[in-house]
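Architecture at a glance
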Amino acid sequence: MSAPTSISDTSFQTPASSDAIAKHNAVVLAVAMALGGSSPSIVVSLGGLVGQALATNKELATLPVSLLNLGLALGTIPAAMFMRKSGRRIGYIVGAGIGLFGGGIAAFGIASYSFVLFCLGTLIIGSYGSFNQSYRFAATDAASESFKPRAISWVMTGGLIAGVVGPQTVIWTRDVVQAAPFAGAFLGQATLAFLSMIAVSFLRPAPVSIASTNAGGGRPLLEIVRQPRFIVAAVTGLVSYSLMTFMMTAAPLAMIGCGHSVGAAALGIQWHILAMFGPSFFTGRLITRFGKGRVTGAGLVLIALSAVIGLSGITIAHFWTTLILLGLGWNFGFIGATALVTDCYRPEERAKVQAANDFLIFGSVALASFSSGKLLSAGGWESVNWLVFPPVVIALVLLAWQQKTRATLPA
């Protein structure tokens, strides 16, 4: 008996129309990313400040930010399974509703001086992020092989806009609720989630072949994730994202510890975010021209180079250069790794494989977020930079091996 298809996947399109649908969806998802992708920057900007004001134990001040990453990691598999059953469009509408609810809870927690409620709100906002992070995969559902890297890049450009929308939302709304400073910013986050809900309602269903609808759930997940190509794709994505989070979290604290101003640290993070998402305008074309493996490898090398600069001095120029190179490395490494993952599954397998990949990546990101501050406190900025090299070397060796033996790997 053939497995039922989801509501959003019942349309059958000709191959000629696939990229037209993919382009439409990539634009829609880029808009949704610009709106919903601003949520993390709002939580990261204010989570520690609000936590410091509300928490009885000041050592827990950064807990709301860590819970954001934990919520993202824990939500990846449930989000993917829900969308497999209900379709992308319905799933993303529900996800935006979760983001709206989380922002409301966080704002209410601030207004009622409840640290627990505020933490619950940031955890829920994190689970909203687990839907947003799959936008990059959704953009490839209808895309041809040649357009997939560009579709991913289009979506990631929305992150560049989110890097501006998030901080501006904080600036313009933080004092809207006079009796509860910063509550207005989380109401602003909830409003952006609502606008994202409207945006994703314009998604079109991806074409599905008759063969894929009769294939059930495809191969067992364990069989897929044991493929060398999946292991390499997951490891490169995990290393790229985890090291970026690890260094980005530690850098502002290290700058202040070295005597630089809070403003200088904030500007460093701003340049870092621009470097993270700015290259997305052309990363897809680079992948098409030079290949997924080479671009991913270049990203890993740039991350290692950022650590080299970080070890060479502690001036503002050193920190800013480190953060810019780190952002560039993340862009090439993460987008390249995402493109590599799309080679590992058949259409009927995409939901579970994408969920497994993102669970591994964002689980490691949550761990990096929790550990970065403690490692910085224990060993200093130098130790943070030295810890970058072993994972990068391992990822590069695996990537080089996979590229060398690619012709012999199973389809």
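See the structure above.
Residues numbered from 1 in each chain as written. Predicted model: local features only at pLDDT ≥ 70, side-chain atom pairs only at ≥ 80, totals over all residues. Heavy atoms only, no water.

Right, let's talk about the pattern of salt bridges for a bit. Per the counting criterion, the structure on display carries seven salt bridges. When the shortest N-O distance is used, the salt bridge between Glu-349 and Arg-219 registers 2.8 Å. Placement of the pair is Glu-349 in the loop between helix 15 (316-341) and helix 16 (350-386) and Arg-219 in the loop between helix 9 (210-213) and helix 10 (221-225), with a sequence separation of 130 residues. In this structure, Glu-349 and Arg-219 share a single accessibility class: buried. Ionic contacts of the salt-bridge type, sharing partners, join the residues Arg-88, Asp-141 and Arg-350 into one network. (Salt bridge = Lys/Arg side-chain N within 4 Å of Asp/Glu carboxyl O. Helix = DSSP H or I, 4+ residues; strand = E, 2+ residues; numbered from the N terminus. Buried < 20%, exposed > 50% of the residue type's maximum accessible area, 1.4 Å probe, protein only.)

Formed by 60 residues in total, the largest nonpolar core has its most connected members in Tyr-241, Trp-330, Phe-362, Trp-381 and Val-392. Listed by contribution, the elements that provide at least two residues to this core are helix 3 (63-86), helix 7 (148-173), helix 11 (228-257), helix 12 (262-277), helix 14 (292-312), helix 15, helix 16 and helix 17 (389-404). A total of 14 residues in this core trace back to one element, the largest contributor, which is helix 11. The residues contacting Tyr-241, other than those within four sequence positions of it, are Gln-133, Trp-330, Phe-334, Ile-361, Phe-362 and Val-365. (Core = buried A, V, L, I, M, F, W, Y, C linked by side-chain atoms within 4.5 Å. Contact = heavy atoms within 4.5 Å.)

Turning our attention to the environment of Arg-89. Here Arg-89 is to be found in helix 4 (residues 88-111). Those residues in contact with Arg-89 that sit more than four places away from it in its chain are Val-200, Ser-201 and Leu-203.

This next bit is on the packing of helix 13 (residues 280-290) against helix 15. Running from N to C, helix 13 and helix 15 cross one another at 55 degrees; their axes reach a closest spacing of 10 Å. As summarised for this structure, helix 13 and helix 15 are arranged oblique, according to the angle between their axes. For the pair helix 13 and helix 15, the crossing hand works out as right-handed. Contacts between helix 13 and helix 15 pair Ser-280, Phe-282, Thr-283, Leu-286 and Ile-287 from the former with Asn-331, Phe-332, Ile-335 and Gly-336 from the latter. A breakdown of the residues in the contact of helix 13 with helix 15 according to their chemical character gives five nonpolar, four polar and no charged. (Axes fitted to C-alpha atoms, helices over the stretch in contact; angles between N-to-C directions. Parallel < 35°, antiparallel > 145°, perpendicular 65-115°, else oblique. Left-handed = near helix turned anticlockwise from the far one by under 90°. Nonpolar A, V, L, I, M, F, W, Y, C, P; charged D, E, K, R; others polar.)

Moving on to the environment of Thr-296. Here Thr-296 is to be found in helix 14. For the pair formed by Thr-296 and Ser-240, sequence separation is 56 residues and the distance between their alpha carbons is 9.0 Å. In contact with Thr-296, not counting residues within four places along its chain, are Thr-236, Phe-332, Gly-333, Gly-336, Ala-337, Leu-340 and Leu-399.

Mapped onto the elements of the fold, Thr-338 is located in helix 15. The exposure class assigned to Thr-338 is buried, which follows from its relative accessible area of 2%. Residues within four places of Thr-338 in sequence aside, it is in contact with Arg-136, Phe-137 and Ile-152.

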